[in-house]
Amino acid sequence: MTKCLGCGAPLQNTDPKVVGYTPKLEGGYCQRCFRLTHYDDVVMMVEQGVSDASVYEDVSKMDCLVCLVVDLFDLEGSLIPSLHRHIGDKDVLLIGTKRDLLPVTMSDNKLWRFVQSKLKEENIRVRGFCVCANKGRDGIDGVIEGIKMYSKGRPCVFMGAANVGKSSLINTLLRKESITTSRYPGTTIAMMKIDSEYGDIYDTPGVKRRDNIVHYLNSQDIKKVLPTKTVKPRNYQLYEPQSLALGGIVRVDLPEGKRTSVTCYCNDSIPIHRGKSEKAEELWNKHYGALLAPTLQDCTYPKDFMRHEFTLEKDKKMDVMIHGFGWIAFSSEEKQRIAVYVPKVVGITFGKSRI
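Residues numbered from 1 in each chain as written. Predicted model: local features only at pLDDT ≥ 70, side-chain atom pairs only at ≥ 80, totals over all residues. Heavy atoms only, no water.

1. Concerning the overall build of the protein chain
Okay, step 1: For the protein chain, the count of helices and strands is nine helices and 16 strands.
Okay, step 2: Its C-alpha atoms give the protein chain a radius of gyration of 21 Å, near enough to 20 Å, the size a compact globule of 355 residues would have.
Okay, step 3: With the C-alpha coordinates of the protein chain rotated into their principal frame, the extents come out at 65 × 45 × 30 Å.
Okay, step 4: Put simply, the protein chain has 355 residues, and 55% of those count as buried.
Okay, step 5: For the protein chain, the computed accessible surface area is about 16300 Å², with 48% contributed by carbon and sulfur atoms.
Okay, step 6: Distance between charge centroids for the protein chain: 1 Å, based on 51 positive and 43 negative side chains. (Helix = DSSP H or I, 4+ residues; strand = E, 2+ residues; numbered from the N terminus. Rg over C-alpha atoms; globule rule 2.2 N^0.38 Å. Buried < 20%, exposed > 50% of the residue type's maximum accessible area, 1.4 Å probe, protein only. Areas by Shrake-Rupley, 256 points an atom, 1.4 Å probe, with all protein chains shown as cover. Lys, Arg positive; Asp, Glu negative; His and termini not counted. Charge placed at Lys NZ, Arg CZ, Asp CG, Glu CD.)

This is the structure in structure tokens:
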């Protein structure tokens, strides 16, 4: 059976609605990969590749080095929970991508300490850590060094959550654009074996983190929400009971009106509206999906939103990470309550400031 060179799907020329369709079987690539590569056109949004369980089972049976690829901008939303329970006690090389999206104020030392703390929380053990930027073009020498050091002649299996940049990284490693890449989840359909000067390399379908916002956006809004360049922090000094609306995705309420610094780290294209807390509910009910946009598919306000309330301690800093979207940093000279509303399907993590 011939497979698409771009995504690994079995090629077929009978049903245009099924993955792997191509009018010409001898072309090597399915129609979907061709249009993604040449036109950034999604002819179908698919998540019908092999299951996460199948990927885990295949990897667990292999004697290999696992190259775990994570999105440094969205670390909490891209780590694979209980990784070793799925793949066994294998050697893991951690490769962090999208370093270029992080604010310039985040130093390498701060980044490494932050990554270490998250690995400890998830009980993930790694042999080494590499950092990449610009689709792997910056930092690829470190990846090559890590592979040579830890693979010891074994195959290298690239794993990670959907949309972390595995395929782009492999293309850079191979110095050719052979694997289809895009900003859309589910681009890689099946595990693909690739011969290289570093030995056998396997690209795997992205693990589906169902708490990541990318799975609930339409193709146009994916472009608006996922950043492609360094994120510029947007800071707000709030002195009275106020509310912030980040598009139609995140609502932040500070009902106590104590002086607070709120810094938003998300795609620059996300509009942020500031208003009074007492008017927030009216604003969201009246303008959700219009003024307050983008929104998630099949999501309504307030039925599909969840309120998360936390206490910000005096003179402390706290980050609230919305998986796949970005994070909001809070600091205040006074202890106070803060409420954050996000869609129920999206994960949210509270933690110490990473900046």
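Now that the structure has been shown, the text picks up again.
2. With respect to the sheet that holds strand β3 (residues 128–131)
Okay, step 1: A sheet is described by the order of its strands in space; here six strands give the open sequence β3-β2-β1-β4-β6-β5, paired in mixed fashion. The open sheet has two free edges, formed respectively by β3 and β5 (192–194), since each of these has just one partner strand. Neighbouring strand axes in the sheet, compared pairwise and without regard to direction, differ in orientation by 25° on average.
Okay, step 2: Bridge count between strand β1 (residues 65–71) and strand β2 (residues 92–97): six bridges; the pairing is parallel. Residue D71 lies in a different strand from β2, and its bridge partner there is T97. (Pairing = 2+ DSSP bridges. Axes fitted to C-alpha atoms, helices over the stretch in contact; angles between N-to-C directions.)

3. Things to note about the pairing of β2
Okay, step 1: The buried fraction of β2 amounts to six of the six residues, a majority that puts the element mostly inside the structure.
Okay, step 2: Here β2 shows two buried faces, one formed by V92, L94 and G96 and the other by L93, I95 and T97.
Okay, step 3: Sheet topology places β2 next to β3; four bridges connect them, and they run parallel. Directly across from I95, in β3, lies its bridge partner C130.
Okay, step 4: Viewed along the sheet, the connection from β2 through helix α5 (residues 108–122) into β3 turns out right-handed. (Right-handed = clockwise from strand over helix to strand, strands pointing away.)

4. Things to note about the layout of surface pockets
Okay, step 1: Looking at the second largest pocket, its volume works out to about 280 Å³.
Okay, step 2: Mapped by element, the contributors of at least two residues to the lining of the second largest pocket are α5 and β16 (348–352).
Okay, step 3: Among the elements that take part in the lining of the second largest pocket, α5 stands out by supplying six residues, more than any other. (1 Å grid on protein atoms, 1.4 Å probe; cavity = no way out; pocket = protein on both sides within 12 Å on 5 of 7 lines; lining within 4 Å. Points joined across faces, edges and corners; volume = space filled by probe spheres on them.)

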